[in-house]
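Residue-level structural notes
Chain by chain, the residues run as shown.
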Amino acid sequence: MASREVIEPVTQSSTAQILARRRFSRDVHGISADEIDGLMSSSDGRPFLVVHHLPDVKDEGIPFLMPGIPVTCRVDNTEKYTTRSKVHVGTLYTVRLTHGHFHWVVKRKYKHFQELHRDLYKHKMILHLIPLGRFAKDRQQLRAMSEEMPSLHGTERTRRTSSKMKYLEEYLNGLLENAFCRNDHSMLDFLSVGALSFVTDLGPKGLEGPIFKRSGGHRIQGLNCIGHHQFCFRWSRRWLVVKDSFLLYMDRDHGSINFVLLFDPEFNVKVGRAHTDTTYGVCIENFTRNLVIKCSSYRQTHWWNHEINRLAETSDFLKVQRFQGFAPPRENTLTKWYVNGSGYFADLADALEQAKEEIFITDWWLSPEVFLKRPATDNYWCLNEILKRKAEQGVKVCVMLYKEMEMALGINSEHSKRTLMNMHPNIKVMRHPDHVSSVVLMWAHHEKTVAIDQTVAFVGGIDLAFGRWDDSQYRLTDLGLRETANSDNGVSGGPKPAEPDKQAKQDLDGLTGNTKLWLGKDYSNFIKKDWVQLDRPFEDNIDRTQVPRMPWRDFSAAVHGRAARDVARHFIQRWNFTKIFKNKYKDEFYPYLLPKSQCTADSLSFTVPGSSKARVQVLRSGDRWSTGTNENSILNAYVHTIENSEHYIYIENQFFISCADDGKTVSNGIGDAIVNRILRAHREQKKYRVFVVVPLLPGFEGDINMGGGNAIQAILHFTYRTMCRGEHSILSRLKEVEDLWTEYITLCGLRTHSQLCQSLVTELIYVHSKTIIADDRCYIIGSANINDRSMLGNRDSEMAVFVEDEDRVLSVMGGQEYQAGPLTLALRKECFRVLVGASSDPSVNVDDPISDEFFFLGWNAPAKLNATIYDKVFKCLPDNAVHNMRQLKEYASEERLCDTDPEQAREELKAVRGLLVHFPLKFLCEENLLPPLNTKEGMAPVGLWT
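Just so we're clear, the structure is a prediction, and the values are computed from it rather than from any experiment.

**Points about the overall build of the protein**
Looking only at helices and strands, the protein features 25 helices and 31 strands. Buried residues in the protein amount to 59% of all 946 residues. For the protein, the computed accessible surface area is about 38,300 Å², with 49% contributed by carbon and sulfur atoms.

**Focus: the side chain of Asn514**
The topology assignment puts Asn514 in the loop between strand S16 (456-460) and strand S17 (552-553). Excluding its chain neighbours within four sequence positions, the residues that come into contact with Asn514 are Pro375, Ala376, Thr377 and Leu519.

**Focus: the pattern of salt bridges**
Opposite charge on two side chains permits them to pair, given that their charged atoms come into close proximity. Evaluated as defined, the whole model comprises 54 salt bridges. With a closest N to O distance of 2.5 Å, Arg374 and Asp522 form a salt bridge. Pair noted here: Arg374 is in the loop between strand S12 (358-363) and helix H13 (383-392) and Asp522 is in the loop between S16 and S17, with a separation of 148 residues, a long-range link. The exposure classification of Arg374 matches that of Asp522, with both residues buried. Here Arg620 ties to Glu631 by a salt bridge, and the two come within 2.8 Å at their closest N and O atoms. Taken together, the residues span a long stretch of sequence, with Arg620 in strand S19 (residues 612-622) and Glu631 in strand S20 (residues 631-632) at a distance of eleven residues. Residue Arg620 is classed as buried on the basis of its relative accessible area, which comes to 3%. Because the salt bridges share partners, they merge into one network encompassing Asp201, Glu357, Arg565 and Lys596.

**Observations concerning the nonpolar core**
Of all hydrophobic cores here, the largest spans 188 residues; its most connected members are Phe458, Tyr650, Ile674 and Trp859. If near-sequence neighbours (up to four positions away) are discounted, Trp859 is found in contact with Tyr650, Phe691, Val693, Thr746, Cys748, Phe832, Leu835, Val836, Phe854 and Leu916.

**Section: the packing of helix H12 (residues 341-353) against H13**
Running from N to C, H12 and H13 point in directions that differ by 15 degrees, and their axes come no closer than 10 Å. By the criterion of interaxial angle, the relationship of H12 to H13 is roughly parallel. The handedness of the crossing between H12 and H13 is left-handed. For the pair H12 and H13, the contacting residues are Ala349, Leu352 and Glu353 in the first and Leu383, Ile386, Arg389 and Lys390 in the second. Here the residues of the contact of H12 with H13 sort into four nonpolar, no polar and three charged.

**A short note on the environment of Cys382**
Relative to the elements of secondary structure, Cys382 occurs in the loop between S12 and H13. Taking the C-alpha atoms as reference points, Cys382 and Leu372, ten residues apart in sequence, are found 6.2 Å from one another.

**What about the pairing of strand S26 (residues 770-774)?**
The buried count for S26 comes to five of five residues, which makes it a mostly enclosed element. Neither face of S26 is left uncovered, since the one carrying Lys770, Ile772 and Ala774 and the one carrying Thr771 and Ile773 both have all their residues buried. The sheet contact formed by S26 and strand S27 (residues 778-782) spans four bridges and is antiparallel. Bridging from a neighbouring strand, Ile773 pairs with Tyr779 of S27.

**Here we look at the packing of aromatic side chains**
One pass over the full model with this rule turns up 42 aromatic pairs. Each member of the aromatic cluster is reached from another via a ring pair, and the members are Tyr648, Tyr650, Phe691, Phe832, Phe854, Phe855, Phe856 and Trp859. The aromatic ring of Phe317 is capped on one face by Arg569, whose charged end is 3.9 Å from the ring centroid. If you follow Arg689 out to its NZ or CZ, it ends over the ring of Phe855, 4.3 Å from the centre.

**Some points on the confidence of the model for the protein**
Counting all residues, the mean pLDDT for the protein is 88, and 87% of those residues have values of 70 or more. Counting contacts from residues 1-20, a segment whose pLDDT is below 50, to residues more than four positions away or on other chains yields 34 contacts. Note that pLDDT drops below 50 for residues 482-506; the model gives that stretch 43 contacts with residues more than four away or on any other chain.

**Looking at the sheet that holds strand S4 (residues 207-214)**
If you walk across this open sheet you meet the seven strands as S7-S6-S5-S4-S10-S9-S8, and the pairing is antiparallel. Of all strands in the sheet, those with a lone pairing partner are strand S7 (256-262) and strand S8 (268-271), marking the two edges. Neighbouring strand axes in the sheet, compared pairwise and without regard to direction, differ in orientation by 35 degrees on average. Two elements, strand S5 (residues 235-242) and strand S6 (residues 246-251), share four bridges in a ladder whose sense is antiparallel. Opposite Val241, over in S6, you have Leu248 as the bridge partner. Along the sheet, helix H11 (residues 298-312) contacts S4, S5, S8, strand S9 (281-285) and strand S10 (290-294); its crossing angle with S4, the most-contacted strand, is approximately 115 degrees.

**Remarks on the pairing of S10**
By the bridge criterion, two bridges tie S4 to S10 in an arrangement that is antiparallel. Residue pairing for S10: Lys213 is matched across the bridge by Ile293. Two strands pair when backbone bridges link them, and S9 and S10 are joined in this way by five bridges, in the antiparallel orientation. Opposite Ile284, over in S10, you have Leu291 as the bridge partner.

**A short note on the environment of Tyr590**
By the secondary structure assignment, Tyr590 is in the loop between helix H15 (561-581) and S19. A polar contact of 3.4 Å, which involves the side chain of Tyr590, links it to the backbone oxygen of Val429.

**Examining unusual backbone geometry**
One can expect most non-glycine residues to show negative phi and most peptide bonds to be in trans. Cis geometry is found at the peptide bond from His432 to Pro433, where omega equals 5 degrees. Positionally, Pro433 belongs in the loop between strand S14 (427-432) and strand S15 (449-452). Here Asp453, not a glycine, exhibits a phi torsion of approximately 55 degrees, which is positive. Turning to its location among the elements, Asp453 is positioned in the loop between S15 and S16. Here Asp453 falls in the buried class, since its relative accessible area comes to 3%. Backbone geometry places Cys757, a non-glycine residue, at a positive phi of 50 degrees.

**Here's the deal with the packing of helix H20 (residues 822-836) against helix H21 (residues 852-874)**
When two helices pack together, their arrangement is captured by the angle between the axes and the distance separating the axes. Between H20 and H21, the shortest axis-to-axis distance is 10 Å and the interhelical angle comes to 50 degrees. Viewed along their axes, H20 and H21 adopt a mutual orientation that is oblique. For the pair formed by H20 and H21, the contact residues are Phe832, Leu835 and Val836 on the first element and Phe854, Gly858 and Trp859 on the second. For the contact of H20 with H21, a count of residues per class yields five nonpolar, one polar and no charged.

**Side note on the side chain of Glu798**
Locating Glu798 in the fold gives a position in strand S28 (residues 798-804). It turns out Glu798 is buried and unbridged, and the closest side chain with the opposite charge, Lys448, is 6.2 Å from it. A polar contact of 2.9 Å, which involves the side chain of Glu798, links it to the side chain of His446. Beyond its immediate sequence surroundings of up to four residues, Glu798 is in contact with His446, Glu447, Leu619, Arg620, Ser621, Ile634, Ser783, Ala784 and Ser790.

**Quick notes on the environment of Arg214**
Looking at where Arg214 falls in the secondary structure, it is placed in strand S4. The sequence separation of Arg214 and Gly281 amounts to 67 residues, and the corresponding C-alpha distance is 9.9 Å.

**A closer look at the state of the cysteines**
Taken as a whole and assessed by the stated rule, the structure comprises zero disulfides. Here Cys898 stays unpaired: no disulfide links it, and the sulfur of Cys876, its closest cysteine neighbor, is 8.5 Å away. Overall, the relative accessible area of 6% leaves Cys898 in the buried class.

Thresholds applied
Residues numbered from 1 in each chain as written. Predicted model: local features only at pLDDT ≥ 70, side-chain atom pairs only at ≥ 80, totals over all residues. Heavy atoms only, no water. Helix = DSSP H or I, 4+ residues; strand = E, 2+ residues; numbered from the N terminus. Buried < 20%, exposed > 50% of the residue type's maximum accessible area, 1.4 Å probe, protein only. Areas by Shrake-Rupley, 256 points an atom, 1.4 Å probe, with all protein chains shown as cover. Contact = heavy atoms within 4.5 Å. Salt bridge = Lys/Arg side-chain N within 4 Å of Asp/Glu carboxyl O. Core = buried A, V, L, I, M, F, W, Y, C linked by side-chain atoms within 4.5 Å. Axes fitted to C-alpha atoms, helices over the stretch in contact; angles between N-to-C directions. Parallel < 35°, antiparallel > 145°, perpendicular 65-115°, else oblique. Left-handed = near helix turned anticlockwise from the far one by under 90°. Nonpolar A, V, L, I, M, F, W, Y, C, P; charged D, E, K, R; others polar. Pairing = 2+ DSSP bridges. Phe/Tyr/Trp six-rings, centres within 6.5 Å; stacked < 30°, edge-to-face > 60°. Lys NZ or Arg CZ within 6 Å of the ring centre and 35° of its normal. pLDDT = per-residue confidence, 0-100. Polar contact = N/O pair within 3.5 Å; in protein donor to acceptor, adjacent residues only side chain to side chain. Lys, Arg positive; Asp, Glu negative; His and termini not counted. Disulfide = S-S within 2.5 Å.

Spelled out as structure tokens, the structure:
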């Protein structure tokens, strides 16, 4: 087993020195004795770990064929072919082979049987004549042979048979009964068998064989010398493997995979010189490459063409699916939704502990030091410790991070990458894109996914990062609690805070007895102060004795089986694409990844507790720069959901930028679909509701008392343009309903209050959600915001799941009995109970979401009242009374009731119910909120904000 290469001991270097370079420059090679025993005794197919240990399998001499499992053959067909001389007519034999539950076919001429016999005889003689130590194992197998090698000319009995096929079949079966003969490299070549042939999770045996492949052919800008040209390439001998959803070629001598080509809607196989510029050529195309291989004969060319197409024809990924997506809806899929990070992080931690083979993670931002279970009393549930623990157990951890523009963002992905990769060589981290070389300056990888063993996956809006963990209490303070109790917004009856800790480095070794939920940088209020010095994670970013934290509301989902395979496939596509594109990832330290077959997806090694079955489709936004493909299925699913909703839609999103204007500034049509659906309901005189919940302020650092800064104002401009300002806005286009628009749509934000060191405080709840729910029957949870960046597909990369209930439960809708979906109904009720305060007030009924009683009295009335109370007590911004900058300055200077009469303020706050406040549609309505042209924000393209 090769040793790791350690640059310098961790204990002797500072954080900055450790992060300056990679501690591990070589992969961990070697396979344990237990794993070897498992490979030698496997009778149901090889375990998936073979994929990540191909060099070790070769070095340990583990046979490609499963020991103790017979290989049987049947020669059952012949074809006539004309030789190159066009005089002699030859015979091609079809050999059907079975090994365990694997079945495959090879086509061989009689001369191939002769060559096999000659090679086996030659190898046998060499073993007898040259007593080299490396042949000891083979000699031992020879001694164990009970009889001589079968004769190709047949026994006396086979000579009497009239069929040449019969005696070739008996000859081959005779060889395959001998361990020496069946494991010889010439026999393996004859059988078209390699190291990946019998890996159960890769699906059927498929097609394999030696080929010559031509370099180049990449359909990615910058990867070819001077494009596809017959004078600019080289030929290399490789072993081609074709499975049911991908193909690859590898160097069998070194046991390394050199390239993986996934099947996709542009997959095509062409033969002939016209398509390949070579004799006996086969061109295999997909979104990212035109791969040209060269066969040995005309017959082999057409055989490979036929077999590749036959294997691929059952793949779900060859055709464009619903919503123009890459993956079809998966029936009977176990799934679970999460509101807030607490439940998600806890389930994710337990799922990571179950990982046996692979962990795939994508994030816009990842904080290695984030805790997944809280309060943390040791570092066991710290993310980096979990990943290190799994890596030490042999699990391959692959992480893909967005490589930010450092001048514009402070998420420090370099720190995240180095911290993780310095822990163990089984942890691999890629960052993408390189903005200049890829000509991608404004767009981001915005996905937040985790896939475990390609069996369970999590998709949503929650990064594994600081500030994301929260629960339905949305606490504003965290000074360390003497006792655990349910919060009452900190006004009365809540737990009493202990003395505030000093703003010093949190010692992870001293977590015993810790009661804080947010340690160090995790306690955040990024509008007051954005994150800085992330390489010092356990030092507070803000003074928690003076500044309340900003609660974080978000959604995620768990999926299993085939849908989890789809999430993993997307990760693999991105990983392999990035490996090809960036030179620093082309070495063997960053392996090519292989997707597991859908045929084994229903075999679940573990499940997330509380999951239920539904129809699930994995959606994405992707472009040539991000994934090598083009897709905007999330947008199509949103529009479809709105257009086909019958009773209501509930939208909760970090952004609300829509309503197309012929592509001048905004192109996505989600707002247009909302307008059209409301107008249809109005014309049909049917009850229909639209609930929209967004953050009261965009998530940029800025003092709203001074206007908030250019970035905040820019997002507010496009949000108001969508809601109520300008000819393209939703309310402007609802003129047909006049003042009745309030019967159809409600626009809200979220706010809460508490007590911090005897002072009353309030803060908005940051809505980071990316969710739509419709008719208590379906929902979408993902990473995509409602804006062009997320939805168009050619900008940010995104992932989401569209979940449709297949079962029904009795509910109520519009005062009538209604068949609702159990998953969706529970999700909608969970959202509504918390937002309208029904969790603490049983008199509030959230069963019927569209009834007048709920819509006007249960939802809109408290939203209006809460906004009024917060304005009276705290003079909160944004506020409807502030129409311009002059009024803003005056408003910000007014005395607040919470300061002048705290007791009266407490009395007023007792009337607050839930978290809803109406979105202030008139805030700064007299101002042009677009950034001035002479500022850096004003010089940025409009697409940066939309």
